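# Structural features, examined
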Amino acid sequence: MVDALRKRVADRGSEDRLTVIQKDALKTEFPPFDIVVANIPYQISSPLIIKLVYGKIQFRSATLLLQKEFARRLLANPGDSEYNRLAVNVKLVADVEFAMDVSKRDFLPVPKVDSSVVIIRPKTELPKVNLAEWWAFTRTCFGKKNKTLGATFKQKRKLMEIFKTSTLAGLKKDVAITNNDGISGVSVEDDDIDEEGNSEEESLSSSVPEGEMNLFKEKIVGVLRAEGFEDKRPSKLSNDELLHLLAVLNHAGVYFHNQAES
Ligand SMILES: C[S@@+](CC[C@H](N)C(=O)[O-])C[C@H]1O[C@@H](n2cnc3c(N)ncnc32)[C@H](O)[C@@H]1O
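Residues numbered from 1 in each chain as written. Predicted model: local features only at pLDDT ≥ 70, side-chain atom pairs only at ≥ 80, totals over all residues. Heavy atoms only, no water.

Reading across from one edge, E1-E2-E4-E3 is the order of the four strands in this open sheet, with mixed pairing throughout. Of all strands in the sheet, those bounded by a partner on one side alone are strand E1 (35–39) and strand E3 (94–102). Mean inter-strand twist for the sheet, computed between neighbouring axes without regard to direction, equals 20 degrees. Strands E1, strand E2 (61–67), E3 and strand E4 (115–122) of the sheet are contacted by helix H2 (residues 45–53), whose axis makes an angle of about 170 degrees with E2. Helix H4 (residues 85–93) rests against E3 and E4 of the sheet, and its axis sits at about 120 degrees to E3. (Pairing = 2+ DSSP bridges. Helix = DSSP H or I, 4+ residues; strand = E, 2+ residues; numbered from the N terminus. Axes fitted to C-alpha atoms, helices over the stretch in contact; angles between N-to-C directions. Contact = heavy atoms within 4.5 Å.)

Right under this line is the structure:
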């Protein structure tokens, strides 16, 4: 493929205008770029899109050929059955536009899946939120996207985790705004997957008095109730509603991002 590309460009006398970087797109640091047009391997769609929109490089647009079902999920809106954490996170920082469907019969050999072209344009103005905090918050909310937030936040394991991150954040006093720096090391491979088991949390569990945990739970449930979120499902909430919930939880001293991992 690279050899064919080099030959075609050379045949037109334009080789000095082409630079080929032949490396793993997920592991390589991208040079500055303005526009992406790519027929990407579908298995890296989620991490590549997150790398683009949460990365440090300010670009204009990414026109990508994606598996049709994946594109539908990315284009979904709150309340749609396909709406998931990836769409929530991408739409916080970018606008996603449907361009066209591409039938599998348009390829030779014919693949198993249909495709769609979408155009992703980073937003010029980002919401004032700590992106690492947002990232961790949506992971908690969408651990099981069809659970109500009340049920999600009452899970003992989740509470332990949030208690720990909140305690660490409290010690640090404030959480830096990372809007312009991007966040590193993010991955959506755990998208929509409930986390099972965590020995660190279990050891923390034994060290936190039950009364303290109950107070912490009451604090969170109190915020959810007061703001009308207790019976809501995250997949039905707009990003403005989720941003509001995160802001009021943070205001109450409840934090999600593990400061130790920064
Ligand atoms: C869908 S094909 C598209 C090929 C070519 N761009 C085209 O349009 O004909 C995806 C290509 O990405 C390559 N690839 C797979 N994983 C990759 C990765 N992590 N980084 C960069 N390229 C990758 C595959 O080897 C394959 O050649």
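Along an α-helix, residues three or four positions apart point the same way, because every turn accommodates 3.6 residues. Considered for burial, the residues of helix H3 (residues 68–75) that qualify are Phe 70, Ala 71, Leu 74 and Leu 75. Projected onto a plane normal to the axis of H3, the buried residues spread over an arc of 135 degrees and lie on a single side. On its buried face, H3 sits against H2, E2, H4, E3 and E4. (Buried < 20%, exposed > 50% of the residue type's maximum accessible area, 1.4 Å probe, protein only. Arc of directions from axis to C-beta.)

Bringing the packing of H2 against H4 into the picture now. Orientation of H2 relative to H4, taken along the N-to-C sense of each, is 20 degrees, at an axis distance of 10 Å. What the angle tells us is that H2 and H4 run roughly parallel. Both H2 and H4 take part in a crossing whose hand is left-handed. Residue-level inspection shows Ser 46, Ile 49, Ile 50 and Val 53 of H2 in contact with H4, the latter providing Leu 86, Val 90 and Val 93. Considering only residue class, the contact of H2 with H4 consists of six nonpolar, one polar and no charged. (Parallel < 35°, antiparallel > 145°, perpendicular 65-115°, else oblique. Left-handed = near helix turned anticlockwise from the far one by under 90°. Nonpolar A, V, L, I, M, F, W, Y, C, P; charged D, E, K, R; others polar.)

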